[in-house]
Amino acid sequence: MCAWKLTAGLVMLGVGCSGESPVAPTVSPETTATNVVTISAAGVSPRSIQIQAGGRVLFVNNDDGVHDMSSDDHPAHLECPELNQVGYLSPGQSRETGNLVAVQTCGFHDHLDAQNPGLLGTIIIVE
Ligand SMILES: [Cu+2]
């Protein structure tokens, strides 16, 4: 233990005994439930994905054009705001949704091509 810390008083509070800095968790447990939706010239794949509540979905843009993945409805994007974190993906880029904690079905689309049926999909969030 740090006997010296007891005598040093309040000025030493927050200073570690061994010089190690506290390590914050960088990966939340929910990340293990990550699922992947890939975007290609053929559209999104899979078109429908089922995940556990609290999980996230990684969107990967393997197309040679940009895509702006957003929650339904269009253009308000209010159905599942966590999906809007994906947003603008350049070719080769990928990004995760936020934690999808509510048990519901979330539709998504490419905001730049909102009428393209190949770029529409659903995430089914289950208990
Ligand atoms: Cu939109």
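Predicted model, so just to flag it, every value in this text is computed and none were measured.

Enquirer: Looking at this structure, I do not really get the overall build of the chain. What am I missing?
Expert: Check the secondary structure of the chain and you find 1 helix and 9 strands. From first element to last, N terminus to C terminus, the chain shows the α and β order α-β-β-β-β-β-β-β-β-β. Buried positions account for 21% of the 127 residues belonging to the chain. Taking the intrachain contacts of the chain between residues at least 6 apart in sequence as the baseline, contacts between residues at least 24 apart amount to 50%.

Enquirer: Please clarify how the sheet that holds strand 1 (residues 35–40) should be interpreted in this entry.
Expert: Pairing between sheet strands relies on hydrogen bonds along the backbone, with the strands arranged either parallel or antiparallel. With respect to topology, 4 strands assemble into an open sheet ordered 2-1-4-7, the strand pairing being mixed. Both edges of this open sheet fall to strand 2 (43–45) and strand 7 (94–96), since each of them pairs with a single strand only. Across the sheet, the mean angle separating the axes of adjacent strands is 20° when strand polarity is ignored. With 3 bridges joining them, strand 4 (residues 57–61) and strand 7 adopt antiparallel strand pairing. Note that in strand 7 the partner of Leu-58 across the bridge is Glu-96.

Enquirer: Please explain the nonpolar core as it appears in this structure.
Expert: The nonpolar side chains of soluble globular proteins are, as a tendency, buried together. Residues Phe-59, Met-69, Leu-83, Cys-106 and Ile-123 are the most contacted members of the largest nonpolar core, which totals 16 residues. Of all the secondary structure elements, the ones that give two or more residues to this core are strand 1, strand 4, strand 8 (105–110) and strand 9 (121–126).

Enquirer: Please clarify how the sheet that holds strand 9 should be interpreted in this entry.
Expert: Reading across from one edge, 3-9-8-5-6 is the order of the 5 strands in this open sheet, with mixed pairing throughout. The strands lining the two open edges of the sheet, one partner per strand, are strand 3 (48–52) and strand 6 (87–89). With strand direction ignored, the average angle separating the axes of adjacent strands in the sheet is 25°. In terms of strand pairing, strand 8 meets strand 9 through 4 bridges, oriented antiparallel. Directly across from Cys-106, in strand 9, lies its bridge partner Ile-123.

Calculation criteria
Residues numbered from 1 in each chain as written. Predicted model: local features only at pLDDT ≥ 70, side-chain atom pairs only at ≥ 80, totals over all residues. Helix = DSSP H or I, 4+ residues; strand = E, 2+ residues; numbered from the N terminus. Buried ≥ 20, exposed ≤ 12 C-beta atoms within 10 Å, placed from the backbone. Contact = placed C-beta atoms within 7 Å. Pairing = 2+ DSSP bridges. Axes fitted to C-alpha atoms, helices over the stretch in contact; angles between N-to-C directions. Core = buried A, V, L, I, M, F, W, Y, C linked by C-beta atoms within 7 Å.

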